[in-house]
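Single-letter residue listing:
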Amino acid sequence: MKFKVLFFLFCSFFLQFSYSQETENKSPVKFNHDFRINALIPSNYGDNFLAKANDAKLGIGMNFSFLRIYDFKLGIGYDYIPYSSTDISMTGNIKNADYQTVYGDVAYEIKITDKLNIEPYFGFGGLELKFRSDARDFGNQTGSNFRIGFNTDYKLAKRLSGFIGICYLGSKLDISTSPEFVSFYHNAKMFQFNIGLKIH
Amino acid sequence: MKKILLLIFTLLLSYSCEIQYDGETRIVVQGQLIDRNNNPLSDKKITITTYSDDTYGGSDLISYANTDAEGRFTLVFPAPKSEEIFIQTSINEHQNNGLQSKIINALKKNFNNYKLDLKQVVLYETKDISQLDILLNKVSTNKQITNIHIEGLQAGYFTDLTTEINQNQLLTTRFDVIKNQTINLSYTLVDYTDPIKTVTTNQKAVIEINSENVIHTITY
């Protein structure tokens, strides 16, 4: 539910500002159109379910930055990371878990050279962890997350850049279980290494 | 059109047979396996199966593991959404290692704060298990035997945590007991001879179990 509400709010925000075109070049608020797509290499750590009982596979991420206020950019994004179970005693006899998140973020563009930018950012989002074995569904967990990181963009063409980045992602998932396992299933921490393309 | 309807019906039927799980609720089954001398039993297989009692109900092998070096096991898995789904713990089943197997049946209501703690579970060697049969020899028309109960070491192949004791209307007359021990038998004899006053007496007997199966006859 949190996942869908957050997505709806950001779509509404985006639609509202998409109709407010800049009337003067001096306006600090501008419509932006940076679109990133990247491969995502997750590295989970800590004493928690995703780190100890699962193995992360290569994920995919997308981000659309739609509004620019001075050098700050507002955007929305989506990440998908598949996991495979490695400890049946903690996961149940369930092969896979799919981590999906929709988030909003604020980035700040720092121009280093004509071709090189650095963009630190932070963001908040909703997430869903779906448990499945082949086509069989074993329920899901929902929660929220916080991210902080940066991307380094290198201009390849007029409207195309390549980028690499690193991000810390901390998640909190809803869980009801025996007290000694609450922290294990409630928390998730990871570093994400991103490599991809930006169309601007 | 008929084929499409048949396909839709089959898909709906298969969906309804599948057990639904709550991914945000995790339940725990834990315990320790020991032998009759209190030694831990390591590397023994524990499986958890969920199943429905419905005619077309499904079942899932929802978790499994082996006991550790201290005979302990802890299995955590998503809880079935329905309160009526049985959660069956099978211990050392189909292993052919000279030890007995055990099955423990439970529902979610048997879990205390999301946990079913089986504590210490004793497995006996199969060669140490014998059978005691209580033969009821009814020679009167006005008497009835109720509540047969034995005290002594039992194999306990099957434990059902889901039924209350007073719901069990059937008399158990066959027991899997451990050889070379003394069993204390107790039962209730109800006498309906006097139509005004029913007489209920508690009876006891001592039964020696040696190496062979034993039949003990109660004549009433």
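1. Observations regarding the sheet that holds strand β7 (residues 115-122) of chain B
Paired through backbone hydrogen bonds, the strands of a sheet run either parallel or antiparallel to each other. Residues and elements named next belong to chain B. An order of β4-β1-β7 is seen for the three strands of this open sheet, with the pairing classed as mixed. For this open sheet the edge positions go to β4 (72-80) and β7, each flanked by a neighbour on one side alone. Strand-to-strand twist across the sheet, computed as the mean angle between neighbouring axes with direction ignored, equals 20 degrees. Where strand β1 (residues 21-34) meets β7, six bridges bridge the pair, whose relative direction is parallel. Opposite Val29, over in β7, you have Leu116 as the bridge partner.

2. Let's talk about the sheet that holds strand β9 (residues 143-151) of chain B
All names here are of chain B. Here three strands make up an open sheet; going across it, the order is β9-β12-β13 and the pairing antiparallel. Edge positions in the sheet fall to β9 and β13 (199-209), since each of these pairs with one other strand and no more. Adjacent strand axes in the sheet meet at a mean angle of 20 degrees, parallel and antiparallel pairs treated alike. Examined bridge by bridge, β9 and strand β12 (residues 181-191) share seven bridges and lie antiparallel to one another. Paired with Glu151 across the two strands is Asn184, which belongs to β12.

3. Quick look at the confidence of the model for chain A
Averaged over every residue, the pLDDT of chain A is 90; residues scoring 70 or more account for 87%. With pLDDT under 50 throughout, residues 16-24 of chain A is counted as low confidence; its partners more than four residues away or in other chains account for three contacts.

4. Considerations on the layout of surface pockets
All names here are of chain A. Empty space within the second largest pocket amounts to approximately 410 Å³. In terms of lining, the second largest pocket is formed by 20 residues, of which the most central are Asp34, Arg68, Glu109, Asn117 and His200. At the level of elements, β1 (29-45), β7 (116-133) and β8 (136-157) are the ones that each hand at least two residues to the lining of the second largest pocket. Ranked by residue count, the leading element in the lining of the second largest pocket is β1, at five residues. Here the lining of the second largest pocket is built from residues that sort into two nonpolar, five polar and 13 charged.

5. Here's the deal with the nonpolar core
With 49 residues, the main nonpolar core has A:Phe49, A:Tyr99, A:Leu129, A:Tyr185, B:Val29 and B:Leu33 as its most contacted residues. Once residues lying within four places of it in the same chain are set aside, the contact partners of B:Leu33 are B:Asn39, B:Pro40, B:Leu41, B:Lys44, B:Ile46, B:Thr67, B:Gly71, B:Phe73, B:Ile91, B:Val121 and B:Leu123. Judged by nonpolar contacts, the second largest core, of 17 residues, contains B:Ile134, B:Ile183, B:Val214 and B:Tyr220.

6. Some details on the interface of chain B and chain A
By a widespread convention, an interface's size corresponds to the accessible area lost as its parts come together. On the side of chain A, 24 residues touch chain B, which itself brings 23 residues to the contact. For the pair chain B and chain A, the two sides together bury roughly 1,900 Å², of which 50% comes from carbon and sulfur. Considering only the side of chain B, the residues that lose the most area to chain A are B:Glu24, B:Arg26 and B:Val76, jointly responsible for 36% of the buried surface there. Between chain B and chain A we count three salt bridges in total. Residues A:Arg136 and B:Asp60 are paired through a salt bridge, measuring 2.8 Å at the closest nitrogen-oxygen approach.

7. Focus on the domain arrangement of chain B
Residue and element names in this part refer to chain B. Domain annotation for chain B reports domain 1 (2-122) and domain 2 (126-219). A C-alpha centroid distance of 31 Å is found between domain 1 and domain 2. Carbon and sulfur atoms supply 51% of the area that domain 1 and domain 2 bury against each other, a total of about 1,100 Å² over both sides. Taken as a group, Arg36, Gln100 and Asn105 account for 43% of the area that domain 1 buries against domain 2, more than any other trio of residues on that side. Inspection of the domain 1/domain 2 interface yields one salt bridge.

Procedures and definitions
- Residues numbered from 1 in each chain as written.
- Chains lettered and ligands numbered in written order.
- Predicted model: local features only at pLDDT ≥ 70, side-chain atom pairs only at ≥ 80, totals over all residues.
- Heavy atoms only, no water.
- Pairing = 2+ DSSP bridges.
- Helix = DSSP H or I, 4+ residues; strand = E, 2+ residues; numbered from the N terminus.
- Axes fitted to C-alpha atoms, helices over the stretch in contact; angles between N-to-C directions.
- pLDDT = per-residue confidence, 0-100.
- Contact = heavy atoms within 4.5 Å.
- 1 Å grid on protein atoms, 1.4 Å probe; cavity = no way out; pocket = protein on both sides within 12 Å on 5 of 7 lines; lining within 4 Å.
- Points joined across faces, edges and corners; volume = space filled by probe spheres on them.
- Nonpolar A, V, L, I, M, F, W, Y, C, P; charged D, E, K, R; others polar.
- Core = buried A, V, L, I, M, F, W, Y, C linked by side-chain atoms within 4.5 Å.
- Buried < 20%, exposed > 50% of the residue type's maximum accessible area, 1.4 Å probe, protein only.
- Buried area = accessible area lost by both parts, 1.4 Å probe.
- Salt bridge = Lys/Arg side-chain N within 4 Å of Asp/Glu carboxyl O.
- Domains from an automatic or database assignment.

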